[in-house]
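# Breakdown of the fold
As a plain string of letters, each chain reads:
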Amino acid sequence: MATDFKSLPIIDVRALLDRFHDPKMAEDKGVIEVVRMLHQACRETGFFYVKGHNIPESLIDEVRYVTHQFFSLPFEEKMKIKMSAETGYRGYQQIGENITNGKPDMHEAVDCYREMEPGAYGDFGRPLEGSNIWPTHPPNFKQLMEEYIGLLIDLSRAIMRGMALALGGPADAFEGKKAGDTFWVLRLIGYPGCTHHKSMEMQDSDIGCGAHTDYGLLTLVNQDPDISALQVRNRSGEWISAMPIPGTFVCNIGDMLKIWTNGLYEPTLHRVINNSSKYRVSIPFFYEPNFDTVVEPFDFCKQKTGKIAKFERVVYGDHLVRKVTTNFVM
Ligand SMILES: NC(=[NH2+])NCCC[C@H](N)C(=O)O
Ligand SMILES: O=C(O)CCC(=O)C(=O)O
Ligand SMILES: [Fe+2]
């Protein structure tokens, strides 16, 4: 359960990357300090900033730049890569298509998922079968995003090693059959700026993305540097700004971590409101379990939480399909 935090911690994860292949990483002083901070952040805020991630700033900036370019295209151009049930929910969705808490969100987006071959998981995987449909301009769009995704997978794995240690488990607790073959998601999101003068009263139509938790393990958000729009809810119900901090990703934990940790770590509600006059782009990368992973509390977490499982097991792909198919009215 989140505390009454007023700000989000910044965690330098470099030691986790440096010691990634070291079988004795858990004994390293630098690693021990990162692990301590991760544990505190997961217990108190469920959100933190990641620095020392080693991903080139130029690549991070270019990913946002081409996303701005795509959303500034004419509507007809964007509709050429339209998302539908037939595309496996991959592609472009216009403003208002995504529904959160029963209301249309004020954002447009391009959704991408790890590729899934037809029949890979039988009937339960069918809704998300397919390959991504990328914009054709600029010509290096696909290559750029794939390079970016590869680096974010590596970074996420390192952070998950830190969390596994923070929970008192083996460093590789989330690897292999758990999330070693991650069913990652990348969302390119655009939030229109607000043009009209606003009264103090917030209107529904102003919500860029309604309050929600993320579905899987770990989210890494690459957001425009000059606009504060992402907000995180603390225990008293106050919305705390996750304002951009140069050189960092905003990182938060998802629904599956709550089950695996038997409630030790819980995802925090967050929402997006773009009150700026400028168009805002953000690109969350979701590091998720394998599609067919059965998620149930780890024994080493049950030991610390009364010895009995507080949550029923969930197949990650079932959870995802349920979310995706109710996010859109098609
Ligand atoms: N994949 C996401 N995290 N999407 C953002 C959350 C909004 C989505 N409509 C929901 O209700 O869950
Ligand atoms: O736009 C953002 O900053 C975050 C978006 C988000 O929370 C999501 O897509 O799950
Ligand atoms: Fe989110």
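Quick summary incoming for the structure in this document. None of the values given here were measured: they were computed from a predicted structure. By convention here, each chain's residues receive numbers from 1 onward along its written sequence. By the order in which they are written, chains take letters starting at A while ligands take numbers starting at 1. Per-residue local features of the predicted model are confined to residues with pLDDT of at least 70, and side-chain atom pairs are confined, for both listing and counting, to 80 or more; whole-chain, interface and lining totals are unaffected and use all residues. No hydrogens and no water enter the side-chain calculation; it runs on all heavy atoms of the structure.

### Brief notes about the sheet that holds strand E10 (residues 230-233)
Spelled out, the test is: A pair of strands is treated as paired once DSSP finds two or more bridges between them. Think of it this way: any DSSP run of H or I at least four residues long counts as a helix, any run of E at least two long counts as a strand, and we number them from the N terminus. Throughout, an axis means a line fitted to C-alpha atoms (over the contacting stretch in the case of helices), and angles, computed between N-to-C directions, take values from 0 to 180 degrees.
What the 4 strands build is an open sheet, ordered E8-E13-E10-E11; its pairing is antiparallel. With partners counted over all chains shown, the strands left at the sheet margins are strand E8 (207-212) and strand E11 (239-241), one partner each. Each strand of the sheet is rotated relative to its neighbour by a mean of 25 degrees, with strand direction disregarded. Relative to strand E13 (residues 270-273), E8 runs antiparallel, the two sharing 3 bridges. Along E13, the bridge assignment pairs Cys 209 with Val 272.

### Notes on the coordination of the iron ion (ligand 3)
The condition that has to hold: Each metal's donors are the N, O and S atoms within 2.8 Å of it, or within 3.2 Å when it is Na, K or Ca, and because water is not part of the set, sites may look incomplete.
In this structure, His 212 (NE2), Asp 214 (OD) and His 270 (NE2) serve as the protein donors to the iron ion (ligand 3), at separations of 2.1 to 2.2 Å. Each donor residue of the iron ion (ligand 3) lies on one chain, and together they are spaced H-x1-D-x55-H.

### With respect to helix H2 (residues 29-44)
Rule in force here: By this rule the span expected of a helix is its residue count minus one, scaled by 1.5 Å. Between buried and exposed lies partly exposed: a residue is buried under 20% and exposed over 50% of the maximum accessible area for its type, with that area taken using a 1.4 Å probe on protein chains only. Here, the arc refers to the directions that run from the helix axis to the C-beta atoms. In this description, contact between two residues means that some pair of their heavy atoms is separated by no more than 4.5 Å. Think of a polar contact as two N or O atoms within 3.5 Å of one another; within protein, one of them needs to be a possible hydrogen donor and the other a possible acceptor, and neighboring residues in sequence only count if both atoms come from side chains.
Given a rise of 1.5 Å per residue, 16 residues ought to cover 22 Å, and the 23 Å separating the end C-alpha atoms of H2 matches this to within 8%. Within H2 the residues assigned to the buried category are Val 31, Val 34, Val 35, Leu 38, Ala 41 and Cys 42. Each buried residue of H2 sits inside an arc of 130 degrees when the element is viewed along its axis, so together they form one side. Contact partners of the buried residues in H2: strand E1 (10-12), helix H1 (14-18), strand E2 (47-51), helix H5 (141-166) and strand E12 (249-253). One side-chain oxygen of the residue at the start of H2 lies 3.0 Å from the amide nitrogen of Gly 30, identifying that residue as Asp 28.

### With respect to the packing of aromatic side chains
Which entries qualify depends on this criterion: For Phe, Tyr and Trp, where Trp contributes only its six-membered ring, two rings pair if their centres lie within 6.5 Å, and the inter-plane angle classes them as stacked under 30 degrees, edge-to-face over 60, or tilted in between. Our definition puts a charge over a ring when NZ of Lys or CZ of Arg is within 6 Å of the ring centre and also within 35 degrees of the ring normal.
For the coordinates displayed, the defined rule picks out 14 aromatic pairs. With a centroid separation of 6.4 Å and 40 degrees between ring planes, the pair formed by Trp 134 and Phe 141 is classed as tilted. Between Trp 260 and Phe 298, the aromatic rings sit 5.8 Å apart at their centres with planes inclined by 10 degrees, giving stacked as the arrangement. Of this pair, Trp 260 sits in helix H6 (residues 255-260) while Phe 298 sits in the loop between strand E15 (294-295) and helix H7 (299-302), and the two are 38 residues apart along the sequence. By relative accessible area, which is 9% here, Phe 298 ends up buried. Among the aromatic residues, those joined into a cluster by ring pairs are Tyr 113, Tyr 121, Phe 124, Phe 183 and Phe 291. The ring of Phe 20 carries the charged tip of Arg 161 above its face, separated from the ring centre by 4.5 Å.

### A short note on helix H3 (residues 57-71)
End to end, H3 covers 22 Å across 15 residues, agreeing with the expected 21 Å (1.5 Å per residue, within 8%). The complete set of buried residues in H3 reads Leu 59, Ile 60, Val 63, Arg 64, Val 66, Thr 67, Phe 70 and Phe 71. Taken end-on, H3 shows its buried residues confined to a sector of 165 degrees, consistent with a single buried face. Structural note: H3 exposes Ser 58 and Tyr 65 on the side pointing more than 90 degrees away from its buried face.

### Some thoughts on the site of ligand 2
Test applied: Whether a residue is near a molecule or strand depends on its heavy atoms: it is near if one of them lies within 4 Å of it. In short, Shrake-Rupley with a 1.4 Å probe defines the accessible areas, and a residue's cover is counted only from the protein chains shown. Charged residues are taken to be Asp, Glu, Lys and Arg, nonpolar residues to be Ala, Val, Leu, Ile, Met, Phe, Trp, Tyr, Cys and Pro, and polar residues to be all remaining types, Gly included.
The full set close to ligand 2 counts 13 residues, and Tyr 191, His 212, Asp 214, Arg 280 and Ser 282 are the nearest of them. In the environment of ligand 2, an oxygen atom lies 3.0 Å from a nitrogen or oxygen atom belonging to the side chain of His 212. Here ligand 2 loses 97% of its free accessible area of 300 Å² to cover by the protein chains. Counting only elements with at least two residues in the shell around ligand 2, the list comes to strand E7 (185-191), E13 and strand E14 (280-287). At 4 residues, the largest contribution of residues to the shell around ligand 2 is made by E14. Taken together, the residues that form the shell around ligand 2 break down as 7 nonpolar, 3 polar and 3 charged.

### Brief notes about the sheet that holds E12
Spatial strand order, E1-E2-E12-E9-E14-E7-E6-E3: 8 strands in an open sheet with mixed pairing. With partners counted over all chains shown, the strands left at the sheet margins are E1 and strand E3 (91-93), one partner each. Direction aside, the axes of adjacent strands within the sheet are offset by 25 degrees on average. Bridge analysis of strand E9 (residues 218-223) against E12 gives 4 bridges, and the strand direction is antiparallel. Bridging across to E12, Thr 219 finds its partner in Asn 252. Here H3 sits on the sheet in contact with E3, strand E6 (108-113), E7, E9, E12 and E14, set at roughly 120 degrees to E14.

### Let's talk about the packing of H2 against H5
Going by this rule: Should an angle fall under 35 degrees it is called roughly parallel, over 145 degrees roughly antiparallel, and 65 to 115 degrees roughly perpendicular, with every other angle called oblique.
Put simply, H2 and H5 touch, their axes get as near as 8 Å, and they point 80 degrees apart. With respect to H5, the axis of H2 lies roughly perpendicular. Contacts from Val 31, Val 35, Leu 38, His 39 and Cys 42 of H2 reach H5 at Ile 159, Gly 162, Met 163, Leu 165 and Ala 166. Per-class residue counts for the contact of H2 with H5 are 8 nonpolar, 2 polar and no charged.

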